[in-house]
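# Chain and residue survey
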Amino acid sequence: MRRTARDTEANARKVTRRALFLGGAQVAFIAVLGARMRYMQVEEAERYRLLAEENRINIRLIPPTRGLILDRRGRLIAGNEQNYRVVITREETGDVETVLAKLAEVIPLTAEMLDRTRKEMDRRSAFVPIVVADWLRWDDLAAVAVNAPALPGVNPEVGLSRRYPLVGDFAHVVGYVGPVSDADLAELEDPDPLLQIPKFQIGKIGVERWMEADLRGRSGTKRIEVNSVGRVMRELDRQDGVAGADIRLTIDADVQNFVQARLGEESAAAVVMDVANGDLIAVASAPSFDPNLFVRGISQTDYSALIGNDHRPLANKSVQGAYPPGSTFKMVTALAALEAGAITEQTTVHCPGFLEFGGRRFHCWKHGGHGTVALEAALKGSCDVYFYDIAQRAGIDRIAEMGRRLGLGVRHDLPMSAISEGVMPDKAWKRDRHKAEWRIGDTINASIGQGYVLTSPLQLAVMTARIASGTAVSPRLVRAIGDREVPVGTIPPLGIAPRHLRAVQEAMVAVMNAQGGTAWASRIADEAMLFAGKTGTSQVRNISASERASGVIKNEQLPWNRRDHALFVGYAPATAPRYAVSVVVEHGGGGSAVAAPIARDAILRALSDGLPPLSAYPANQRTTIETQQKNMKLRKPEPAAAESSRA
Amino acid sequence: MSFLEYQIKTVPGGIRKILYLNWGLVLLLVAVASMGFLMLYSVAGGSLQPWAEPQMKRFAAGLVLMFAIAMVPIWFIRNMAGVAYGVSVLLLLAVEFFGEVGMGAQRWIDIGPLRLQPSELMKITLVMMLAAYYDWLDTRKTSRPLWVLIPVVLIAVPTALVLIQPNLGTALLLLMGGAAVMFAAGVSLWYFGAVAALGAGAIASLFTLRGTPWQFLHDYQYRRIDTFLDPTTDPLGAGYNIIQAQIALGSGGWSGKGFMQGTQSRLNFLPEKHTDFIFTTLAEEFGFIGAFSLLLLYGLIIFFCLASAIQSKDRFSQLLLIGIGCTFFFYLAVNLSMVMGMAPVVGVPLPFLSYGGSVMLVLMVAFGVVQSAHVHRPR
């Protein structure tokens, strides 16, 4: 097939035309690409640059070291312990199963731990270290280090975790820390980003919780460069955080330990308080529990045991418990009547063993009655009828007003959990609460701390301290936050005539130091440490007329939870008061027999440096006390630390 | 023109041919390939391994191959076009049955040490075949239906074979490369209008048939279209590549973050950073200036091809040069549209920059043919 030259020319021209068209289209498209490029790289560059930075840079928090909690002399109550653990990194390990099997020969590993490790490993990237076992002993960690060549990808690690070296002594006061729960987060309006860190621990109850803001400190941050799978490439910069402040409590760890041990396995609480500045020296609640269990995550068995115990070890009885104060309330009634001018110190009342009122018979604890008594004799013998009588003369509102002035029915603000307000009833309260009018019978019951009156051991200690010092001293638990001392502040006067206070104080001395006083057996023999106090026994059941007729059943014959509460309040030295003490033993029986000896031991321990000297006890009790002291399981007292040191 | 006619006109022969090579084009290719080496070195974190060095070796081998082919008379190439086309189709059939499976698609075949992707080879042999066809065909018959049907079949057979591999990107390039040759050969514009209309219909049915047993794309290809239309719907899944690629590109700014300073590629946010998405690294590290320079170099390469085509008096050479130039253009146009978020993600590499053996060799063969046409052009 031949083509003419003209044909060829024409065809070539057509091809050229079309080639030029194609070329033009291509130039146009390249221009579009260029324009798009310009749009993205010049106009929108800033936006994309930001996105690239966001991709690249990750901000990590550096958790601050939690502040320590120390006793008044700087001894460690809550510290940070090194938690030894072993981690495994998949990408460095090679054959995971072989290495895990080898690791199990070196340190004890349960099947459960291995299972959890495998599961975690499947979920996470290969470069993320997974905790195989924690809370290891130093020996185990050393064993892992020694066997390192056989364990590729397995590394020993050290982290910080909360530890309470004094175990149960401060479980109720200081509380414990635990992992952040959803409930914790929901409570906060603007949660600290720290709380999002897995395994971060915050205070759950007690001082740990209520002083969380001081203890936690501020997190530092580090900016790190990460790649697309989140592996850290390098650290760009870091800002160190601020460690939490150390908190120094007013409590003396040795006294606390002694009191806690003295309460033993009783369901009981005791508070020792400085009457001059309100420093709480001991705040004990028994039985106690090991807060360290909660830090590591308490097992179901342990938790069930705590919950199932009828002595309620988890309850902080010293501030949370609300008990009828019984006869320990009689000082309030007396002071109310004296201040109201309803009686004088010399006013006498006749006690035949009961008071007849409105067709009802109110009994005195002493079957035959106390005969004719004035204030001192009435308190010394704890005559109920005397107080039934003077309470009616004073009226409930004045009694309640006096109770509140002495710190009852008032919430004392301390960094502790579940602080009870108690109940200091008056006419308005009953109308409000029970929609009923106040009756004289209610006053009679209240006059001896029964009926509606409820108080916590802390409130009783405050009451005693105020009576002893004549000032409106308030309890305090924190002595210093970091380097800053917490000032005591001015303590307002109580506003009670000194003459009336002295009358009550002298009566309280008589209770313990005069023959026939209800707490005579628990006196302190050492004149320099003279003890003043008042016993109390509060009923937790009603005694029916028939039972009273046939003779009141002895406490020992009742089941434990129906026995009377034993109470005692006191202060020493009576001549120049330093400490006030209150003791409540739930269902302990009589205040004089059970609570008073504990209170004496506690206050003697606070007054002396070391175990109470036997010379302080009456001569005929010293042998018994010596045996008792020998049998107490006390921690060896640690020397006071001048400066706080970090664990 | 016949062999005789070539002899009559002054065509360089023997060793003198080297002087008549299009050295400007050679220089351009070296320049573009060098940018590729630089980027492969950078994405490997400043290392010749595993990408830059093999790529350099391939390019060197490719250059030798190009010079060798440039020495082959263009009429010989024309005469061999039919054979080359036939062999390519057979190879495509072969990979269909014996090919290795990679990325969920059958794409290559192992011949000794060479890992060959026949679909890549097909791009050049198809253009050769069509150019030879139109050279042979009486120009007056160009637009007659029967004579239009033949090249359509020639295009359709390999396109279909590539599509069922499935390799949408290459199928697209074959289709467009073939269409470009037909257009240049002077096929009536009516046909193109009709095809455009049909194409619109096909796209419509593509979406209406989705989810039915008759859907003609794979699910992953549908998803790619979805994410192209709105990448933010799946930022951590299929949309991730597109979003990260655009972030890399945009964050380069005017002058870039500097060589080896691209955070997106160095920290592995970029997908396929050494293959299909290598342009994003270039744009990130050298900015608009660098990226636009590459675009200009590409433009010049295409310009050389088309200019050479227009200068040529030989119909086969003309059509071949236009076809190769257009195929080259489609490569980069599809790839760049894809990384800039103007087209869905289809597996098309960026010529001379993306890491890959078959593409490099086939491109060098193509430019060898371009050089041959240039050298053996009657002067």
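These numbers were taken from a predicted model, which means no experiment stands behind them.

## Remarks on the overall build of chain A
When helices and strands are counted, chain A shows 24 helices and 21 strands. Taken over 647 residues, chain A has a buried fraction of 50%. For chain A, long-range pairs separated by at least 24 residues make up 72% of all intrachain contacts whose partners lie at least 6 apart in sequence. Here chain A has roughly 29,500 Å² of accessible surface; of this, 51% comes from carbon and sulfur atoms.

## Some remarks on the sheet that holds strand 20 (residues 565–572) of chain A
Residue and element names in this part refer to chain A. Across the sheet, which stays open at both edges, the 5 strands sit in the order 12-11-21-20-19 with antiparallel pairing between neighbours. At either end of the open sheet lies a strand with only one pairing partner, and these are strand 12 (280–286) and strand 19 (532–538). On average, each strand axis in the sheet is tilted by 5° relative to the strand beside it, whichever way the strands run. Strands in contact with helix 20 (residues 457–469) are strand 11 (268–274), strand 12, strand 20 and strand 21 (579–585); relative to strand 21, the strand with the most contacts, it is inclined by about 150°. Along the sheet face, helix 23 (residues 591–607) touches strand 11, strand 19, strand 20 and strand 21 and points at about 145° away from the line of strand 21.

## Concerning the pairing of strand 17 (residues 478–481) of chain A
Residue and element names in this part refer to chain A. Relative to strand 17, strand 10 (residues 247–249) is paired through 3 bridges, and the arrangement is antiparallel. Paired with Leu249 across the two strands is Val478, which belongs to strand 17. Judged from the 2 bridges that link them, strand 17 and strand 18 (residues 484–485) form a sheet pairing that is antiparallel. Each residue of the ladder has a partner; that of Ala480, found in strand 18, is Glu485. In textbook terms, the turn of a hairpin is the stretch between consecutive antiparallel strands, and for strand 17 and strand 18 this stretch comprises 2 residues, one of which, Gly482, has a positive phi near 60°.

## Concerning the side chain of Thr89 of chain A
The topology assignment puts Thr89 of chain A in strand 3 (residues 76–89). Apart from residues lying up to four places away in sequence, Thr89 of chain A is in contact with Ala126, Phe127, Val128, Pro129, Gly153 and Asn155 of chain A.

## Here we look at the interface of chain B and chain A
Residue-level contacts link 53 residues of chain B with 39 residues of chain A. Here chain B and chain A share an interface that buries about 4,100 Å² over both sides, 67% of which is from carbon and sulfur atoms. For the pair chain B and chain A, the number of links is 0 salt bridges. There are 9 residue pairs in polar contact (both at pLDDT 80 or more) connecting chain B and chain A. Listed by contribution, the elements that provide at least two residues to the side of chain B that touches chain A are helix 5 (118–136), helix 7 (168–185), helix 8 (189–208), helix 10 (239–251), helix 11 (263–266), helix 12 (278–311) and helix 13 (315–339) of chain B. In terms of residue count, helix 12 of chain B provides more of the side of chain B that touches chain A than any other element does, 11 residues in total. Here the residues of the side of chain B that touches chain A are counted per class, giving 31 nonpolar, 16 polar and 6 charged.

## Some words on the packing of aromatic side chains
The final tally for this structure, using the stated rule, is 29 aromatic pairs over all chains. Taking 4.2 Å as the distance between ring centres and 15° as the angle between the ring planes, the aromatic pair formed by Tyr176 of chain A and Phe294 of chain A counts as stacked. Within this pair, whereas Tyr176 of chain A is found in the loop between strand 5 (154–163) and strand 6 (177–179), its partner Phe294 of chain A is found in helix 11 (residues 292–295), the two being separated by 118 residues in sequence. Phe294 of chain A gets classed as buried once you look at its relative accessible area, which sits at 12%. Measuring from ring centre to ring centre gives 6.0 Å for Phe352 of chain B and Phe367 of chain B, while their planes differ by 40°; the resulting arrangement is tilted. Of this pair, Phe352 of chain B sits in the loop between helix 13 and helix 14 (357–375) while Phe367 of chain B sits in helix 14, placing them 15 residues apart in sequence. In terms of burial, Phe352 of chain B and Phe367 of chain B fall into one category: buried. In this arrangement the basic side chain of Arg18 of chain A is found over the ring face of Phe183 of chain B, its NZ or CZ atom lying 4.8 Å from the centre.

## Observations concerning empty space enclosed by the protein
Residues and elements named next belong to chain B. On inspection of all chains with the given rule, the structure shows 3 cavities of 30 Å³ or more. Empty space within the largest cavity amounts to approximately 100 Å³. Lining the largest cavity are Glu120, Lys123, Ile124, Ile324, Thr327, Phe328, Tyr331, Val359, Val362, Leu363 and Ala366. Mapped by element, the contributors of at least two residues to the lining of the largest cavity are helix 5, helix 13 and helix 14.

## Regarding the pattern of salt bridges
Pairing is possible between side chains that carry opposite charge, provided their charged atoms lie close to one another. Residue and element names in this part refer to chain A. The tally for this structure, following the rule as stated, stands at 37 salt bridges over all chains. The residue Arg163 makes a salt bridge to Glu81 at a minimum N-O spacing of 3.5 Å. Of the two residues, Arg163 sits in strand 5 while Glu81 sits in strand 3, which places them 82 residues apart along the sequence. Note on Arg163: relative accessible area 33%, which makes it partly exposed. The partner of Asp413 in a salt bridge is Arg411, with the nearest N and O atoms 3.0 Å apart.

## Describing the side chain of His412 of chain A
All names here are of chain A. Relative to the elements of secondary structure, His412 occurs in the loop between helix 17 (396–405) and helix 18 (427–434). Here His412 falls in the buried class, since its relative accessible area comes to 6%. At 2.9 Å, the side chain of His412 and the backbone oxygen of Gly407 are in polar contact. If we skip the residues at most four places from it in the chain, His412 touches Gly407, Ile419, Leu458, Gln459, Val462, Arg466 and Pro475.

## What to know about the environment of Leu185 of chain A
Along the polypeptide, Leu185 of chain A turns up in helix 7 (residues 182–187). Here the alpha-carbon distance between Leu185 of chain A and Leu195 of chain A, two residues 10 residues apart in the chain, equals 7.9 Å.

## A short note on the sheet that holds strand 8 (residues 220–226) of chain A
Residue and element names in this part refer to chain A. Spatially, 1-8-9 is the arrangement adopted by the 3 strands of the open sheet, whose pairing is antiparallel. Only two strands of the sheet have a single neighbouring strand rather than two, namely strand 1 (57–62) and strand 9 (232–239). The average undirected angle you get between the axes of adjacent strands in this sheet is 30°. For strand 1 and strand 8, the ladder comprises 6 bridges, and the chain directions are antiparallel. The residue of strand 8 that forms the bridge with Ile62 is Gly220. Sheet strands touched by helix 2 (residues 45–56): strand 1, strand 8 and strand 9. Its angle to strand 1, the strand with the most contacts, is close to 40°.

## A word on the packing of helix 2 (residues 23–43) of chain B against helix 12 of chain B
Residues and elements named next belong to chain B. Their axes nearest at 10 Å, the elements helix 2 and helix 12 cross at an angle of 165°. Taken together, the axis directions place helix 2 and helix 12 in an arrangement best described as roughly antiparallel. The two elements helix 2 and helix 12 meet at a crossing, and its hand is left-handed. Residues Gly24, Leu25, Leu28, Leu29, Ala31, Val32, Met35, Leu38, Met39, Leu40, Ser42 and Val43 of helix 2 pack against Ile278, Thr281, Leu282, Glu285, Phe286, Gly290, Leu294, Leu297, Tyr298, Leu300, Ile301 and Phe304 of helix 12. Of the residues belonging to the contact of helix 2 with helix 12, the class tally is 19 nonpolar, 4 polar and 1 charged.

## Topic: the nonpolar core
Formed by 115 residues in total, the largest nonpolar core has its most connected members in Phe279, Phe352 and Phe367 of chain B. Apart from residues no more than four positions distant in its own chain, Phe367 of chain B is found in contact with Leu25, Leu29, Met66, Ile301, Cys305, Phe328 and Phe352 of chain B. By size, the runner-up hydrophobic cluster in this structure holds 98 residues, among which are Leu215, Leu306, Ile481 and Ala503 of chain A.

## A few points about the state of the cysteines
Under the counting rule described, the total for this entry stands at 0 disulfides over all chains. Between Cys364 of chain A, a cysteine without a disulfide, and Cys351 of chain A, which holds the nearest cysteine sulfur, the sulfur-to-sulfur distance is 4.1 Å. Its relative accessible area of 4% is what places Cys364 of chain A among the buried residues. Counting only cysteine sulfurs, Cys326 of chain B is the nearest neighbor of Cys305 of chain B, a cysteine outside any disulfide, at a range of 9.2 Å.

Basis of the calculations
- Residues numbered from 1 in each chain as written.
- Chains lettered and ligands numbered in written order.
- Predicted model: local features only at pLDDT ≥ 70, side-chain atom pairs only at ≥ 80, totals over all residues.
- Heavy atoms only, no water.
- Helix = DSSP H or I, 4+ residues; strand = E, 2+ residues; numbered from the N terminus.
- Buried < 20%, exposed > 50% of the residue type's maximum accessible area, 1.4 Å probe, protein only.
- Contact = heavy atoms within 4.5 Å.
- Areas by Shrake-Rupley, 256 points an atom, 1.4 Å probe, with all protein chains shown as cover.
- Pairing = 2+ DSSP bridges.
- Axes fitted to C-alpha atoms, helices over the stretch in contact; angles between N-to-C directions.
- Buried area = accessible area lost by both parts, 1.4 Å probe.
- Salt bridge = Lys/Arg side-chain N within 4 Å of Asp/Glu carboxyl O.
- Polar contact = N/O pair within 3.5 Å; in protein donor to acceptor, adjacent residues only side chain to side chain.
- Nonpolar A, V, L, I, M, F, W, Y, C, P; charged D, E, K, R; others polar.
- Phe/Tyr/Trp six-rings, centres within 6.5 Å; stacked < 30°, edge-to-face > 60°.
- Lys NZ or Arg CZ within 6 Å of the ring centre and 35° of its normal.
- 1 Å grid on protein atoms, 1.4 Å probe; cavity = no way out; pocket = protein on both sides within 12 Å on 5 of 7 lines; lining within 4 Å.
- Points joined across faces, edges and corners; volume = space filled by probe spheres on them.
- Parallel < 35°, antiparallel > 145°, perpendicular 65-115°, else oblique.
- Left-handed = near helix turned anticlockwise from the far one by under 90°.
- Core = buried A, V, L, I, M, F, W, Y, C linked by side-chain atoms within 4.5 Å.
- Disulfide = S-S within 2.5 Å.

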